Amino acid sequence: MKRRDFFGGAALTAVAAASVSKVALAAVPEAPSADTAATAAPLVPTSGRPYDPVVTLNGWTLPWRMNSGVKEFHLVAEPVEREFAPGMTARLWGYNGQSPGPTIEVVEGDRVRIFVTNRLPEHTAVHWHGQRLPNGMDGVGGITQPQIPPGKTFVYEFEARRPGTFMYHPHADEMVQMAMGMMGMWITHPKARHPLIDRVDRDFCFLLAGYDIDPGSAVPRVNTMLDFNLWTFNSRVFPAIDSLNVRKGDKVRIRVGNLTMTNHPIHVHGHEFTVTGTDGGPVPKGARWPEVTVDVAVGQMRQMEFVADEEGDWALHCHKSHHTMNAMGHGVPTMIGVDHRGLVKKLQKIVPEYMVMGERGMADMGEMEMALPDNTLPMMTGRGPFGAAEMGGMFTLLKVRRDQKPGDYRDPGWYRHPQGTVAREWTGALPAPARSTAPAAKEQSAPLDVRKPSGHGGHH
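Residues numbered from 1 in each chain as written. Predicted model: local features only at pLDDT ≥ 70, side-chain atom pairs only at ≥ 80, totals over all residues. Heavy atoms only, no water.

**Points about the overall build of the chain**
Then, number 1: Broken down by element type, the chain carries 3 helices and 27 strands.
Then, number 2: In the chain, the share of contacts with a sequence separation of at least 24, taken over all contacts with a separation of at least 6, comes to 74%. (Helix = DSSP H or I, 4+ residues; strand = E, 2+ residues; numbered from the N terminus. Contact = heavy atoms within 4.5 Å.)

**Notes on the nonpolar core**
Then, number 1: The biggest cluster of nonpolar side chains holds 36 residues, and the ones touching the most others in it are Leu75, Ile104, Ile114, Trp128, Tyr156 and Trp186.
Then, number 2: Grouped together as the second largest cluster of nonpolar side chains are 28 residues, Phe206, Val246, Phe306 and Leu398 included. (Core = buried A, V, L, I, M, F, W, Y, C linked by side-chain atoms within 4.5 Å. Buried < 20%, exposed > 50% of the residue type's maximum accessible area, 1.4 Å probe, protein only.)

**Structural notes on the packing of aromatic side chains**
Then, number 1: In total, this model carries 13 aromatic pairs according to the counting rule given.
Then, number 2: For the ring pair phenylalanine 206 and phenylalanine 233, a centre distance of 4.6 Å and an interplane angle of 35 degrees mean the geometry is tilted. Remark: phenylalanine 233 occurs in strand β15 (residues 230–233) and phenylalanine 206 occurs in strand β14 (residues 202–211); sequence separation between them is 27 residues. An identical accessibility class is assigned to phenylalanine 206 and phenylalanine 233; each is buried.
Then, number 3: In textbook terms, an aromatic cluster arises when at least three aromatic residues are bridged by ring pairs, as seen for Tyr95, Trp128, Tyr156, Phe158, Tyr168 and Trp186. (Phe/Tyr/Trp six-rings, centres within 6.5 Å; stacked < 30°, edge-to-face > 60°.)

**Quick word on the sheet that holds strand β12 (residues 164–169)**
Hydrogen bonds along the backbone pair up the strands of a sheet, which may run parallel or antiparallel.
Then, number 1: If you trace the 4 strands from one edge of the open sheet to the other, you get β8-β13-β12-β10, paired in mixed fashion. Each end of this open sheet is capped by a strand with a single partner; those strands are β8 (104–107) and β10 (127–129). Between one strand axis and the next, the sheet turns by 25 degrees as a mean value, whatever way the strands run.
Then, number 2: Relative to strand β13 (residues 184–189), β12 runs antiparallel, the two being bridged by 5 bridges. When the bridges of β13 are listed, glycine 164 appears paired with threonine 188. (Pairing = 2+ DSSP bridges. Axes fitted to C-alpha atoms, helices over the stretch in contact; angles between N-to-C directions.)

**Examining the side chain of histidine 323**
Then, number 1: Along the chain, histidine 323 turns up in the loop between β24 (312–318) and α3 (344–350).
Then, number 2: The class for histidine 323 is buried, based on a relative accessible area of 7%.
Then, number 3: A polar side-chain atom of histidine 323 sits 3.1 Å from a polar atom in the side chain of histidine 264. (Polar contact = N/O pair within 3.5 Å; in protein donor to acceptor, adjacent residues only side chain to side chain.)

**Re the sheet that holds strand β16 (residues 244–247)**
Then, number 1: What the 5 strands build is an open sheet, ordered β16-β27-β24-β18-β22; its pairing is mixed. Two strands in the sheet have a free side with no partner beyond their single neighbour: β16 and β22 (293–296). Between one strand axis and the next, the sheet turns by 20 degrees as a mean value, whatever way the strands run.
Then, number 2: When β24 meets strand β27 (residues 395–401), the two strands line up antiparallel, connected through 6 bridges. Note that in β27 the partner of histidine 317 across the bridge is phenylalanine 395.

**Description of the environment of tyrosine 156**
Then, number 1: Tracing the sequence through the fold places tyrosine 156 in strand β11 (residues 153–159).
Then, number 2: For the pair tyrosine 156 and tryptophan 128, spaced 28 residues apart in the sequence, the C-alpha separation amounts to 9.9 Å.
Then, number 3: From its side chain, tyrosine 156 meets the backbone nitrogen of valine 126 in a polar contact 3.2 Å long.

**Digging into the pattern of salt bridges**
Then, number 1: A full pass over the atoms with the stated rule returns 21 salt bridges.
Then, number 2: Of the charged contacts, one joins glutamate 78 and arginine 119 as a salt bridge, the two residues approaching to 3.6 Å between their closest N and O atoms. Separated by 41 residues along the polypeptide, glutamate 78 in strand β6 (residues 70–85) and arginine 119 in the loop between β9 (111–118) and β10 bring together distant segments of the chain.
Then, number 3: Judged by its relative accessible area of 38%, arginine 119 is partly exposed.
Then, number 4: The residue glutamate 83 makes a salt bridge to arginine 236 at a minimum N-O spacing of 2.9 Å. Taken as a pair, glutamate 83 in strand β6 and arginine 236 in the loop between β15 and β16 lie far apart in primary sequence, 153 residues in all.
Then, number 5: Judged by its relative accessible area of 8%, arginine 236 falls in the buried class. (Salt bridge = Lys/Arg side-chain N within 4 Å of Asp/Glu carboxyl O.)

**Let's talk about the environment of tyrosine 415**
Then, number 1: In this structure, tyrosine 415 sits in the segment after β27.
Then, number 2: Separated by 101 residues in the primary sequence, tyrosine 415 and tryptophan 314 place their C-alpha atoms 9.8 Å from one another.

**A few points about unusual backbone geometry**
Then, number 1: Across the junction of serine 99 and proline 100, the peptide omega takes the value -5 degrees, indicating a cis bond.
Then, number 2: By the element assignment, proline 100 lies in the loop between β7 (88–95) and β8.
Then, number 3: In this structure, the amide linkage connecting phenylalanine 238 to the following residue, proline 239, adopts the cis form with an omega of 15 degrees.
Then, number 4: Relative to the assigned elements, proline 239 resides in the loop between β15 and β16.
Then, number 5: A positive phi angle, near 50 degrees, is found at asparagine 234, a position not held by glycine.

**Focus on the pairing of β7**
Then, number 1: For β7, the tally of buried residues reaches 6 of 8 residues, placing the bulk of the element in the interior.
Then, number 2: Where β6 and β7 come together, 8 bridges link them in antiparallel fashion. Looking across to β7, one finds that arginine 82 is bridged to alanine 90.
Then, number 3: Hairpin remark: β6 followed by β7, antiparallel, with 2 residues in the connecting loop; positive phi at glycine 87, about 105 degrees.

**What about the pairing of β9?**
Then, number 1: Most of β9 is tucked away: 7 of the 8 residues are buried.
Then, number 2: Inspection of the sheet shows β6 paired to β9 by 7 bridges, in the parallel sense. Looking at the pairing, leucine 75 lines up with valine 116 of β9.
Then, number 3: Pairing between β9 and β11: 7 bridges, direction antiparallel. Bridge pairing links isoleucine 114 to tyrosine 156 in β11.

**Focus: the confidence of the model for the chain**
Then, number 1: Summary statistics for the chain give a mean pLDDT of 87 and a share of 82% for residues scoring 70 or more.
Then, number 2: Overall, residues 1–20 carries pLDDT values under 50, and its contacts beyond four positions in sequence, including any with other chains, amount to 49 contacts. (pLDDT = per-residue confidence, 0-100.)

Here's what the structure looks like:
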């Protein structure tokens, strides 16, 4: 992380979203910034009330300062560059050098003051999604506050009244600003033992985002409504999304927020979980049930918990199959079964780089070395210990290891399967396949009564 001295150390102009003291505005806190897409270690609190911190997948937590009992943060809305994966960097808008912006962590009952500096080319505002707060702090530009003009700093101040998982995003030129990547997570930890919120060993969070970026370009198409071609966990795509690395027996919490334009059924392999919270708060225990997939709808958060008691490298992904691909073309015809023999060589005399597209399915495309425009990712990429993974987009791994040390979030590498526990080719005799012996159902025809409209000859 870097600390920036904005405007050469000059005092920032502060315009209050609601009345705050002149003392609070006299010195704006520094604005930490990050320029890496790696997952940062949990930020253990050194001031204010203690809590068990979260780990933001491919992200970080925003530091704060205490000022007369108030927890102060500084967000900077600005153009950023975000590496989706090696070989592709997008030009987005975000906060403090990143998209998504840094996670904000506070404790229930904290008095919070957030300075927001606008370094975008247009006005903005910040909505604190799911929070209970004074109406004038809700961040809806033109409705609850004036817009924040370019070059100005506003301040929001309220009490974090209830624990849970929330988000922040603009409510100003929202279609453009959210399509450009302006979003972040907010975690409010309980101030004491809570009957519906258990302590966990590992607490992960990330946001779902979708982008439409033409091959060879870097800026999202902000007018797209449905046909996005890059689906991300915290603006990263597989295989560049970090894995969730846990110790066998750990109680794990995963918080997922959705600020895309569609729902995402998030599926975890190898374990069952319960949904223990939403952006509305903790779920009553009598309303919980076991799941392996939870649908996270637009503008929602879902919090799932489980005990990681099965060792291995378990997939964690969106179950919409097109969302585990990169740079997917929407106008590609299905060519399965089409015989290209005799045609390919003729076409290659005119177009030397021509390749067969999907003659036997799409898996071949994960292996081909077709030339791509600069700053473009192949559709299906990433490899595992047994070959091509044929995945991209919203896909990562939950890595459970018995020898992962408490508090160690480093990638343990590929799982070493015990002897005889990997699916393998069968070379012996095959048993005869079972066939149904039930007689085929007989088709029964019913009399057809055709009626003409009245005035055209009656019934026939």
